Amino acid sequence: MDDGTVNQQAIILEIAADLGLHLAEIAPLGAPKGADHFDAWLQKGHAADMDWLQKNRDRIVDPRGLAPGPAALLVVGLAHVRPRVDLPGGGRIARYAAGRDYHNRLGKLLVRLGKRLAREGVLEQGRPGRAMTDAAPLMERSHADEAGVGFASKAANLLHPEFGPWFFLGELVLETDPQELLQDGPSLAPAGSCGTCTACIDVCPTDAIVAPGQVDAGLCISYQTIENRGAIPHELRPKLSGFAFGCDICSEVCPWGIKAESKADFSADWGTHPVVEQFSLIDWLDQDEAGFKQTWQGSPLQRARRDGLARNAAIVLGITPREGSREALLRALEQHSSPMAREAAAWALAKAHGPEERVTDALDRAHAREEADEWRELIDRDRELARSRT
């Protein structure tokens, strides 16, 4: 500003950069511009069983309740560009999940940012409020788009010219008058767009991108392998494409993602968790309940829980069997504490080893042992699959 007054907006963004945040922009805290899109998405049933989205619908489309009065939203980004991540012995996970849990790292940075803003008195008429990292009822990509952090993609994520889709988002509520803070208005979105590219739509193995910018969560590999707490639908299992947690397929074919990967590597910033470096999918299956929390502590992979990770591992092993996988699947079928993991092992055995007498006998015994009708019915379907392969 040229009138001698302090430009609070610029100072806030400078402090965010000084703390190591790669992206930072500010927008008024109000209804996201994607609110109508979100409502239509819910009405089409594309949220799968994420019921909390419907329950929090009013708070999501009007997040002003996050502050006691008028407020602004500081949206930040932290890059995690790194090469693809393959597990020992085969199988893949989404790249972001290979290292430190971003909730912890980004959350701590946001808290530090808030304290520094308060200490330096940058918000003359206000104070920093709640810090959020993917755990609040907020359409963060829509708010980030409005703030100018990036631009919306056809895969329903956010893109940046330098980092492509490979960055995390976080938010800090600034309890101050947004009109005073944003006298020059929010920043313009960085130059770029998807243009006529449909690579992400074309490559998705489950056809989860049902329209540009619209993803049916129930068809999405990331949803199925992370958020789904039940059985993955049989028809989707052969389409996991080797992913045992999350999915990077749409980002890997995105020209912006390819460009970012060719120019940067933040692997050293995030590290690689020991379970990613050392554990095979067979180890995922064999992990006992007592040691799970300690062994996987600090890894984003914990999000899927022990039974979800075992389920995912079993399915990938059924699609691409390897040395020792049959014995591991038989152990899981007989001994795993989770009926969901046992059923996934049954499917994997039927898919990869169905014609073998030892396998069909094990499936029969598993069906007889299972108590809940839900899992007995699924295992019966797995037995039919095995018989069809003889």
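Everything discussed here concerns the structure shown above.
Residues numbered from 1 in each chain as written. Predicted model: local features only at pLDDT ≥ 70, side-chain atom pairs only at ≥ 80, totals over all residues. Heavy atoms only, no water.

## Describing the nonpolar core
Operational definition: In these notes, a set of buried Ala, Val, Leu, Ile, Met, Phe, Trp, Tyr and Cys residues joined through side-chain atoms within 4.5 Å is what counts as a nonpolar core. Three labels apply to residues, based on accessible area from a 1.4 Å probe with only protein chains included: buried if under 20% of the type maximum, exposed if over 50%, partly exposed otherwise in between. In DSSP terms, a helix is any run of H or I states spanning at least four residues, a strand is any run of E spanning at least two, and both are numbered starting from the N terminus.
Counting residues in each nonpolar core, the largest one holds 52 residues, and the members touching the most others are I93, F245, W284, L285 and L301. Here the element with the most residues in this core is helix α18 (residues 339–353); it accounts for 8 residues. One finds A16, V75, F163 and W270 within the second-largest nonpolar core, a separate group that totals 50 residues.

## Structural notes on the sheet that holds strand β8 (residues 167–175)
As a reminder, the rule being used: At least two bridges found by DSSP between two strands are what make those strands a pair. All axes here are fitted lines through C-alpha atoms, helices being fitted over the stretch that makes contact, and every angle between N-to-C directions spans 0 to 180 degrees. In this description, contact between two residues means that some pair of their heavy atoms is separated by no more than 4.5 Å.
Taken together, 4 strands build an open sheet; the order of strands is β1-β2-β8-β5 and the sheet is antiparallel. With one partner strand each, in any of the chains shown, β1 (23–28) and β5 (127–132) form the two edges of the open sheet. Averaged over all pairs of adjacent strands, the angle between their axes in this sheet comes to 25°, without regard to strand direction. One ladder, built from 8 bridges, connects strand β2 (residues 72–79) with β8; its direction is antiparallel. Note that in β8 the partner of L73 across the bridge is V173. The sheet contacts of helix α1 (residues 8–18) involve β1, β2 and β8, and relative to β1 the element is tilted by about 145°.

## A word on the packing of helix α19 (residues 357–369) against helix α20 (residues 373–388)
Quick note on the threshold: Every angle not falling under 35 degrees, over 145, or within 65 to 115 is termed oblique; those three ranges are roughly parallel, roughly antiparallel and roughly perpendicular. Left-handed describes a crossing whose near helix is turned anticlockwise from the far helix through less than a right angle; right-handed describes the clockwise counterpart. Asp, Glu, Lys and Arg are counted as charged, while Ala, Val, Leu, Ile, Met, Phe, Trp, Tyr, Cys and Pro are counted as nonpolar; the rest, among them Gly, fall into the polar class.
For the pair α19 and α20, interaxial distance at closest approach is 9 Å and the crossing angle is 165°. On the basis of their axis angle, the class for α19 and α20 is roughly antiparallel. As α19 runs across α20, the sense of the crossing is left-handed. Contact residues: T360, L363, D364, A366, H367 and A368 in α19; R376, I379, D380, D382, R383 and A386 in α20. By residue class, the composition of the contact of α19 with α20 is 5 nonpolar, 2 polar and 5 charged.

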